[in-house]
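# Chains, contacts and geometry: an overview
Listed below are the residues making up each chain.
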Amino acid sequence: MDFDIADPALAGAGARRIAWAGRRMPVLESLRERFRAERPLEGRTVAACLHVTAETANLMLALRDGGAKVLLCASNPLSTQDDVAAALVEDGIPVFAVRGEDPDRYYRHIHAVLDAEPDVTMDDGADLATILHTERTELNPVGSTEETTTGVIRLRAMANDGTLRLPVVAVNDSATKHLFDNRYGTGQSAIDGILRATNVLLAGSTVVVVGYGDCGRGVADRSSGFGAKVVVVEVDPIRALEAAMDGHQVLTADDAAATGDVFVTVTGNKHVLRGRHFERMKDGAILSNAGHFDIELDLEALAAMAVARRPVRENLEAFDLADGRSLFVAAEGRLVNLGAAEGHPADVMDMSFANQAMAAEWLIVNGSGLKPAIYTLPEHLDAEVATIKLATMGCGLEQLTEEQKRYLASWNEGT
Ligand code: NAI
């Protein structure tokens, strides 16, 4: 079996972490049981480009139990958990991912999984899909799935200009993905990454959150929970208003720059904090990004302003500026929750990856009849995922009575 990982000897540690995560993924497990019995992916090949984490490993094992041949590469050079990669290889799943790999190796790995001529591709950030549209146009998968907001935006842009050549399921658009993974997953794990990289006290400090989408509101909410004062920077007036009414201070990036102790960018946009903002920041300010790509902080501009750069702690680098201030960048400006911590908790990836597994099955069942376009999984699957999750959390779900159903469906039953 062909693979490329850091160290096969890490397999034991990886297997223990995969098992721990698996215990906390009951929705995926229930799907895996059905997959074992029904083998809906029998004889098919799935090539996945996802963060190589313990949670992803559980998805890979579920797909394999569904009958698929599965290959995995990383969707970010810094998010790979080398022990997990080793455990999957020991389990017979080819993995091409090494934490800290350079761009050449990163793209070699993407090509390596595509060499298997997959029936379904799985993306987190649309890197596989992009290569399928540029360098590997000879390949014709039945379809692809996309995990994250940034990937869906890229793929919608391809659909809009008529270049998209395969059906894509936007897993991010399922309610049981973005309302929970982006919000509670990113909210908690971005803070986790910042704390592991810095060990600063958030209570009483000012956390500036740039972008108040699903992820941003999670980060803001969790920061408040730690006792931080939260400042939100937004370009969308509705979301800015929501942030204000959620109790946060809403400022322009220029004004926020001068107030923040810790900055978190989560916009999916480019250079949202740049030279003019770095000029205004306090000595000691900590900069981090939880958006998909490492483009949200303009680190080239910061490097150009710096007279020296030095490592301070694991996953934390100081940029010493000519005026005597130092700014500190966590996880090289890459996704801080995956670069400096372990990514989202398994409990929330449970739902995201149940959606991924269902999307792979849905593409195999429906793929040949689908046009190249962006699809969302049927709503009843969202309800199914949420219902199973609620049950495993010990929650009760009230049911409508027949009288209530009739009332809600009527227009003439008055006061
Ligand atoms: P979203 O679209 O819901 O929110 C993004 C927000 O940023 C929007 O409200 C937008 O108006 C705002 N924004 C855009 N440009 C801005 C600017 N210059 N200044 C201030 N605000 C600006 O997106 P979502 O779902 O919150 O995702 C954000 C990013 O996080 C994406 O790149 C996504 O792929 C990524 N993501 C990262 C995860 C992680 O594990 N770290 C998990 C899920 C998503």
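None of these values were measured; they are calculated from a predicted model. Here the residue numbering is sequential within each chain, running from 1 through the sequence in written order. Given that the model is predicted, a residue must reach a pLDDT of at least 70 before its local features are reported, and side-chain atom pairs must reach 80 or more before they are shown or counted; all residues, however, enter totals for whole chains, interfaces and linings. Values shown for side chains rest on all heavy atoms present in the structure; no hydrogens or waters enter the calculation.

Helix and strand assignments follow DSSP, with helices taken as H or I runs no shorter than four residues and strands as E runs no shorter than two, numbered in order from the N terminus. When you go through the protein chain residue by residue, the secondary structure sums to 17 helices and 15 strands. Relative to the 2.2 N^0.38 estimate, which gives 22 Å for 415 residues, the radius of gyration of the protein chain is 22 Å and therefore close to what a compact globule would have. Summed over its atoms, the accessible surface of the protein chain is roughly 18,000 Å², and 51% of this surface lies on carbon and sulfur atoms. Asp and Glu are treated as the negative residues and Lys and Arg as the positive ones, with His and the ends of the chain left uncounted. A charge is said to be at NZ when it belongs to Lys, at CZ for Arg, at CG for Asp and at CD for Glu. The positive charge centre, built from 39 side chains, and the negative charge centre, built from 61, are 2 Å apart in the protein chain. Radius of gyration: over C-alpha atoms. The globule rule applied is 2.2 Å multiplied by the number of residues raised to the 0.38 power. Surface accessibility follows the Shrake-Rupley procedure with a 1.4 Å probe radius. Residue values consider only the protein chains on display as shielding.

Now for the site of the ligand. Nearness of a residue to a molecule or strand requires only that one of the residue's heavy atoms be within 4 Å of it. Inspection of the region around the ligand gives 27 residues, with Thr-148, Thr-149, Thr-150, Glu-234 and Ala-290 positioned closest. Identification of polar contacts relies on pairs of N or O atoms within 3.5 Å, with a donor-acceptor requirement for protein atoms, meaning one able to donate a hydrogen and the other able to accept it, and with residues adjacent in sequence counted only if both atoms are side-chain atoms. The separation between an oxygen atom of the ligand and a polar side-chain atom of Asn-182 is 3.0 Å. Here an oxygen atom of the ligand and a backbone polar atom of Cys-215 are 2.9 Å apart. Protein coverage of the free-state accessible area of the ligand, which is 860 Å², stands at 87%. Going through the elements one at a time, α7 (149–160), α8 (175–198) and α9 (214–225) are the ones with two or more residues in the shell around the ligand. No other element matches the three residues that α8 contributes to the shell around the ligand. A per-class count over the shell around the ligand returns eight nonpolar, 14 polar and five charged. Charged residues are taken to be Asp, Glu, Lys and Arg, nonpolar residues to be Ala, Val, Leu, Ile, Met, Phe, Trp, Tyr, Cys and Pro, and polar residues to be all remaining types, Gly included.

This part takes up α8. In this scheme, a helix's expected span is set at 1.5 Å multiplied by one less than its residue total. Here α8 is 24 residues long and its end C-alpha atoms lie 33 Å apart, about the 34 Å a rise of 1.5 Å per residue gives. Here the bend at a residue is taken as the angle between two axes, fitted respectively to the seven residues that end there and the seven that start there. The sharpest bend along α8 comes to roughly 35 degrees, located at Thr-186. Downstream of α8 by a residue or two, Asn-199 has a phi angle that is positive, lying close to 55 degrees.

Attention now goes to the domain arrangement of the protein chain. Assigned domains within the protein chain: domain 1 (8–177 + 344–392) and domain 2 (185–339). The source of the domain bounds is an automatic or database domain assignment. Using only C-alpha atoms to locate each centre, domain 1 and domain 2 end up separated by 29 Å. Buried area counts how much accessible surface, traced with a 1.4 Å probe, disappears from two parts once they are put together, with both parts' losses summed. Summing both partners gives a buried area of about 1,200 Å² for domain 1 against domain 2, and 60% of it is carried by carbon and sulfur. Broken down residue by residue, the surface that domain 1 buries against domain 2 is led by Leu-78, Thr-150 and His-344, which jointly contribute 42%.

Bringing the packing of aromatic side chains into the picture now. Each aromatic ring pair is described using two quantities: the centre-to-centre distance and the angle formed by the ring planes. Two rings from Phe, Tyr or Trp (for Trp, the six-membered ring) form a pair when their centres sit within 6.5 Å of each other. Planes less than 30 degrees apart are called stacked, planes more than 60 degrees apart edge-to-face, and all others tilted. Taken as a whole, this structure holds three aromatic pairs when the rule is applied. Ring centres of Tyr-106 and Tyr-107 lie 5.1 Å apart, and the angle between their planes is 90 degrees; this geometry places the pair in the edge-to-face category. Look at Phe-180 and Tyr-184: their rings are 6.2 Å apart centre to centre, the planes differ by 25 degrees, and that puts the pair in the stacked class. Of the two residues, Phe-180 and Tyr-184 both sit in helix α8, four residues apart, roughly one turn of that helix.

Looking now at the environment of Leu-31. Here Leu-31 lies in helix α2 (residues 26–38). For Leu-31 and Leu-63, which are 32 residues apart along the polypeptide, the C-alpha to C-alpha distance reads 9.6 Å. Non-local contacts of Leu-31, meaning those with residues more than four positions away in its chain, are made with Ala-354, Ala-357 and Met-358. Note on contacts: a residue pair qualifies if any of its non-hydrogen atoms lie within 4.5 Å across the two residues.

A few words now on the packing of helix α6 (residues 127–134) against α7. Viewed as axis vectors pointing N to C, α6 and α7 meet at an angle of 30 degrees, and their least axial separation amounts to 10 Å. Here α6 is positioned roughly parallel relative to α7, judged by the angle of their axes. Viewed along their axes, α6 and α7 form a crossing whose handedness is left-handed. Only Arg-154, Leu-155 and Met-158 of α7 make contact with α6, whose side of the interface consists of Asp-127, Ala-129, Thr-130 and His-133. Taken together, the residues of the contact of α6 with α7 sort by class into three nonpolar, two polar and two charged. Think of each axis as a best-fit line through the C-alpha atoms, taken over the contacting stretch in the case of a helix, with angles from 0 to 180 degrees between the N-to-C directions. Every angle not falling under 35 degrees, over 145, or within 65 to 115 is termed oblique; those three ranges are roughly parallel, roughly antiparallel and roughly perpendicular. Two helices crossing with the near one rotated counterclockwise from the far one by less than a right angle form a left-handed crossing, whereas a clockwise rotation gives a right-handed crossing.

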